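Structural features, examined
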Amino acid sequence: MKILTPNSIPEALRMLKDGSPDARPIAGATDLLVHWPDQRTSHAGPFVDLSRIDALRGHRWTEDELVLGALTTYWDIITDPRANDELPILPRAARTVGAVQIQTRGTWAGNIANASPAADGVPALMALDAEVETAGENDTARVPLDAFYLGYKQLNMQPGWIITAIHVPRRRCDFSSFIKVGTRNAQAITKVGAAVTHSDAGWRVVANSMAPTVRRCRALEDALDRGISIASPDALIPLLEQDLAPIDDIRSTAAYRMNVLARVLFHELAPVCPFIGTTSGRNAP
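As a starting point, this report considers the structure included with it. In this text the structure is predicted, and so the values were computed from the model without any measurement.

**What about the overall build of the chain?**
Counting its secondary structure elements, the chain contains 11 helices and 14 strands. For the chain, the C-alpha radius of gyration of 19 Å lies close to 19 Å, the compact-globule estimate for 285 residues. For the chain, the C-alpha atoms occupy an extent of roughly 60 × 45 × 35 Å along the three principal directions. Looking at the chain residue by residue over its 285 residues, the buried ones come to 52%. Considering only intrachain contacts with a sequence separation of at least 6, the fraction spanning at least 24 residues in the chain is 61%.

Below, the structure written as structure tokens:
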């Protein structure tokens, strides 16, 4: 196992280029040993440890956004009073990721880059319209998080690039909810999950463990924005099916996942949407 330890972003990018195609960046490395039986035999290249790069550390607040450096941990946000006040869905999600030891080392950027369909940090960020900042040797890019996944474990990012920051708009939400259904509240992979927000940008409903990637439920968002009547949890399912495709696996069946998601969303939305649970909203065309 070979680990390289750059001290700057340009040095890290050179190391990734020199070690390509097998070089891989790591930050908190909380997922490294989870996959170690496979990594040990299949991964021949070096790991490029980004943890010494000061330019990637910390998070900051600007007038318009919260900027999470690529090394910002879950614990950094859990313990930030402003995050708990302005963007409470982020610390709520962070508290479900592993134990405290994982929360103090795992990073938001690593959760994005790992690209697990069951990621817990990604839905909360996506529900806030976060953007991912990436960098290569000669250029940078910003991509909306809801466009960052091209398929299972496939990122909308150039080979040899790294995530340098996550940009979260400082947009006040009058409603936000984070839902995790699993065997435990933490230290367990999500069976069914969702993040829901409402702001002046409209409704955002994001599901995890329900498709090959974390995914927005755009048909449901549109129905909520238009005030379409949704009389029961079962009425949510056709809307969810337009964007989601759960599978059967060792943790749950596809049918279980879809039914549970419909019911927990209905439970969360009914108290704040007068057209949920009644027939008083608009009828779907």
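On we go.
**Remarks on the sheet that holds strand β4 (residues 59-61)**
What the five strands build is an open sheet, ordered β4-β5-β10-β6-β7; its pairing is antiparallel. Among the strands making up the open sheet, the edge pair consists of β4 and β7 (140-144). Strand-to-strand twist of the sheet, defined as the mean angle between neighbouring strand axes without regard to direction, takes the value 20°. Here strand β5 (residues 65-69) pairs with strand β10 (residues 162-169) via five bridges, running antiparallel. The partner of G69 across the bridge, within β10, is A165.

**Comments concerning the pairing of β10**
In terms of burial, β10 is largely enclosed, as seven of its eight residues are buried. Pairing of strand β6 (residues 131-135) with β10 involves five bridges; the strand directions are antiparallel. In the sheet register, T134 faces β10, and the bridge partner there is I163.

**As for the packing of helix α9 (residues 218-226) against helix α10 (residues 233-241)**
At a closest axis distance of 6 Å, the pairing of α9 and α10 adopts a crossing angle of 125°. Judged by the angle between their axes, α9 and α10 are oblique. On α10, the residues touching A219, L220 and A223 of α9 are L236, L239 and L240.

**Digging into unusual backbone geometry**
The backbone phi angle of A29 is positive, close to 65°, even though this residue is not glycine. With respect to the helices and strands, A29 occurs in the loop between β2 (24-26) and α2 (36-42). Positive phi, close to 60°, is recorded for S209, a residue that is not glycine. Looking at S209, the relative accessible area reads 7%, which means it is buried.

**Let's talk about the side chain of N208**
Assignment of secondary structure puts N208 in strand β13 (residues 202-208). The exposure class of N208 is buried, given its relative accessible area of 0%. Within the structure, the side chain of N208 is placed 3.3 Å from the backbone oxygen of A118, a separation counted as a polar contact. In contact with N208, other than residues within four places in its own chain, are P117, A118, A119, D120, P123, T190, V192, G193, A194 and V214.

**Re the sheet that holds strand β11 (residues 175-181)**
An order of β11-β12-β13-β14 is seen for the four strands of this open sheet, with the pairing classed as antiparallel. In the strand order of this sheet, the two ends are held by β11 and β14 (215-216), each with one partner. Note that β11 and strand β12 (residues 192-199) share seven bridges and pair antiparallel. Counted as the bridge partner of S177 is V196 from β12. Docked against the sheet, α9 engages β13 and β14, running at close to 155° with respect to β13.

**Structural notes on the nonpolar core**
Counting residues in hydrophobic clusters, the biggest one holds 51 residues, and the most contacted among them are L90, W108, I112, L125, L145, I166 and V168. Mapped onto this core, the elements with two or more residues apiece are α1 (9-18), β5, α3 (74-78), α5 (89-94), α7 (108-114), α8 (121-127) and β10. Once residues within four sequence positions are removed from consideration, I112 is found in contact with V122, L125, V132, L145, F148, Y149, L155, I163 and I166. Counting residues in each nonpolar core, the second largest holds 33 residues, with I179, M210, M258 and L265 among its members.

**Points about empty space enclosed by the protein**
One pass over the full model with this rule turns up one cavity of 30 Å³ or more. Looking at the lining of the largest cavity, the elements with two or more residues in it are β12 and β13. Within the lining of the largest cavity, the residues separate by chemical class into five nonpolar, three polar and three charged.

**Here's the deal with the pattern of salt bridges**
Inspection of every chain in the model, using the stated rule, returns 17 salt bridges. Residues K17 and E137 are paired through a salt bridge, measuring 3.3 Å at the closest nitrogen-oxygen approach. Of this pair, K17 sits in helix α1 while E137 sits in the loop between β6 and β7, and the two are 120 residues apart along the sequence. We classify K17 as exposed; its relative accessible area is 52%. By relative accessible area, which is 44% here, E137 ends up partly exposed. D222 is paired through a salt bridge with R226; the nearest N and O atoms lie 3.0 Å apart. Taken as a pair, D222 and R226 lie in helix α9 at a separation of four residues, close to a single helical turn. On the basis of relative accessible area, D222 is assigned to the partly exposed category, the value being 36%. Several salt bridges converge on common partners, so that one network encompasses D129, R171, D200 and R204.

Thresholds applied
- Residues numbered from 1 in each chain as written.
- Predicted model: local features only at pLDDT ≥ 70, side-chain atom pairs only at ≥ 80, totals over all residues.
- Heavy atoms only, no water.
- Helix = DSSP H or I, 4+ residues; strand = E, 2+ residues; numbered from the N terminus.
- Rg over C-alpha atoms; globule rule 2.2 N^0.38 Å.
- Buried < 20%, exposed > 50% of the residue type's maximum accessible area, 1.4 Å probe, protein only.
- Contact = heavy atoms within 4.5 Å.
- Pairing = 2+ DSSP bridges.
- Axes fitted to C-alpha atoms, helices over the stretch in contact; angles between N-to-C directions.
- Parallel < 35°, antiparallel > 145°, perpendicular 65-115°, else oblique.
- Polar contact = N/O pair within 3.5 Å; in protein donor to acceptor, adjacent residues only side chain to side chain.
- Core = buried A, V, L, I, M, F, W, Y, C linked by side-chain atoms within 4.5 Å.
- 1 Å grid on protein atoms, 1.4 Å probe; cavity = no way out; pocket = protein on both sides within 12 Å on 5 of 7 lines; lining within 4 Å.
- Points joined across faces, edges and corners; volume = space filled by probe spheres on them.
- Nonpolar A, V, L, I, M, F, W, Y, C, P; charged D, E, K, R; others polar.
- Salt bridge = Lys/Arg side-chain N within 4 Å of Asp/Glu carboxyl O.

Nothing here speaks to function; it is geometry throughout.
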